[in-house]
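Examining the three-dimensional arrangement
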Amino acid sequence: MAYFSVTIKAKKSLFRRIPKLNLEKILKNCKLSFGSYNDFYILEEDNTYDDMMTVYNPEKIGRGICLDFKEIGNGELTLACIVPATPTEIDDFFNIIREVKSQYKNMEIYFEDEKVDEDKFFGLTNTILNVSLDYLKKDCSKDSKIVHKLACFPYTFSDEQRNLFKNATDLKEYEDLLHNVQSRDSYYAKPTLRKFPTNDGILACYVFTSDCESIFPIKGNIFLHRNKFEISDSCINFFIGEARLIDGIYKYDEFIEYVLDKGVEYFDKDHIIVNMSDEEVLEMVESLQKIDLM
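No experiment lies behind these values; they were computed from the predicted model shown.

Rules used in this analysis
Residues numbered from 1 in each chain as written. Predicted model: local features only at pLDDT ≥ 70, side-chain atom pairs only at ≥ 80, totals over all residues. Heavy atoms only, no water. Patch = residues over 30% accessible without salt bridge, like charges linked within 9 Å, V, L, I, M, F, W, Y side chains within 5 Å. Areas by Shrake-Rupley, 256 points an atom, 1.4 Å probe, with all protein chains shown as cover. Salt bridge = Lys/Arg side-chain N within 4 Å of Asp/Glu carboxyl O. Lys, Arg positive; Asp, Glu negative; His and termini not counted. Charge placed at Lys NZ, Arg CZ, Asp CG, Glu CD. Buried < 20%, exposed > 50% of the residue type's maximum accessible area, 1.4 Å probe, protein only. Phe/Tyr/Trp six-rings, centres within 6.5 Å; stacked < 30°, edge-to-face > 60°. Helix = DSSP H or I, 4+ residues; strand = E, 2+ residues; numbered from the N terminus. Lys NZ or Arg CZ within 6 Å of the ring centre and 35° of its normal. Core = buried A, V, L, I, M, F, W, Y, C linked by side-chain atoms within 4.5 Å. Contact = heavy atoms within 4.5 Å.

Turning our attention to a negative patch on the surface. A surface patch of negative charge is lined by D211, E279, E280 and E283. The class of D211 is exposed, set by a relative accessible area of 55%.

Here it is as structure tokens:
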């Protein structure tokens, strides 16, 4: 995964203390939201982790900008952006740095660990745009599956999208796609990972709630995780009404086979969108077989 990073350092002086950087003011002035990733690379809003956060523009959600503020007490802030980045995200990247400058006044900019002239750095916008477009076209020209970590969750390109973007002349359609898929009001399902009671296998356990638009992987072992697991099997529980749990644990593959047969919308190459009423869930469960994990 390619990215570019910038570290901003406040200039130290014998007669002037390093100003304390106000991150809340920076986010407010740049109109950005923030969060941090869980182990499945799904954003948990308004959280930070290990003195880092991912910021994004809610009006044009892209891939997220990482802010590392571990050394903020020493007058340093590091920003990182994944390539390909969207045009809005590149603008936001530079806007954050301008906001930092308004607080630090005097600062030094290190681009990929190399000190750069401030005026020269702010003239790199078109260069980064072109690099992002080149990366997008190169990625989409490969035969392998393409999974992009977005600001809110991972996303797998369809074959049609790959064919479209490998010949792209700009980043507009790419930016629109990323925003549209992340701005819909959906629950992005992630499993709870458990060890089998009888062996060393790992079980991926999902939960489905009625009347909630949900995004589920077509196969229970399709997910990104900070650690790599060999998934032995997948199961699912169902909730309806006032969070009432339907008795029993069910095979995940049977659930997916059932909803695919009924007809669903594909979210990306690896995921589908499921939304069922209480009655539809109860009808479905009647045709599924309970499983015993013991």
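Glancing now at the packing of aromatic side chains. By the definition in use, this model includes 26 aromatic pairs. Judged by centre distance (5.1 Å) and plane angle (45°), the rings of F94 and F121 are tilted. One end of the pair, F94, is in helix α2 (residues 87-104); the other, F121, is in helix α3 (residues 118-121), with 27 residues separating them in the sequence. Grouping residues by exposure puts F94 and F121 together as buried. Considering the side-chain rings of F216 and F255, the 5.5 Å spacing of their centres and the 75° angle between planes classify their relative orientation as edge-to-face. In this pair, F216 is assigned in strand β14 (residues 214-217) and F255 in helix α7 (residues 252-262), connecting sequence segments 39 residues apart. Among the residues examined, F255 registers a relative accessible area of 0% and is labelled buried. Taking NZ or CZ as reference, K9 lies 4.4 Å from the ring centre of Y110, over its face.

Let us now look at the nonpolar core. If you look at the biggest cluster of nonpolar residues, it comprises 33 residues, and the most contacted ones within it are L79, F93, I96, I97, V100 and F121. If you list the elements that add at least two residues to this core, you get β1 (2-10), α1 (23-30), β4 (52-56), β5 (65-68), β6 (76-83), α2 and β7 (107-111). The element that contributes the greatest number of residues to this core is α2, accounting for 7 residues. Setting aside residues up to four positions removed in sequence, I97 forms contacts with V6, I8, L79, M107, I109, F121 and F122. Membership of the second largest hydrophobic core comes to 26 residues, among which are F40, Y155, F267 and I273.

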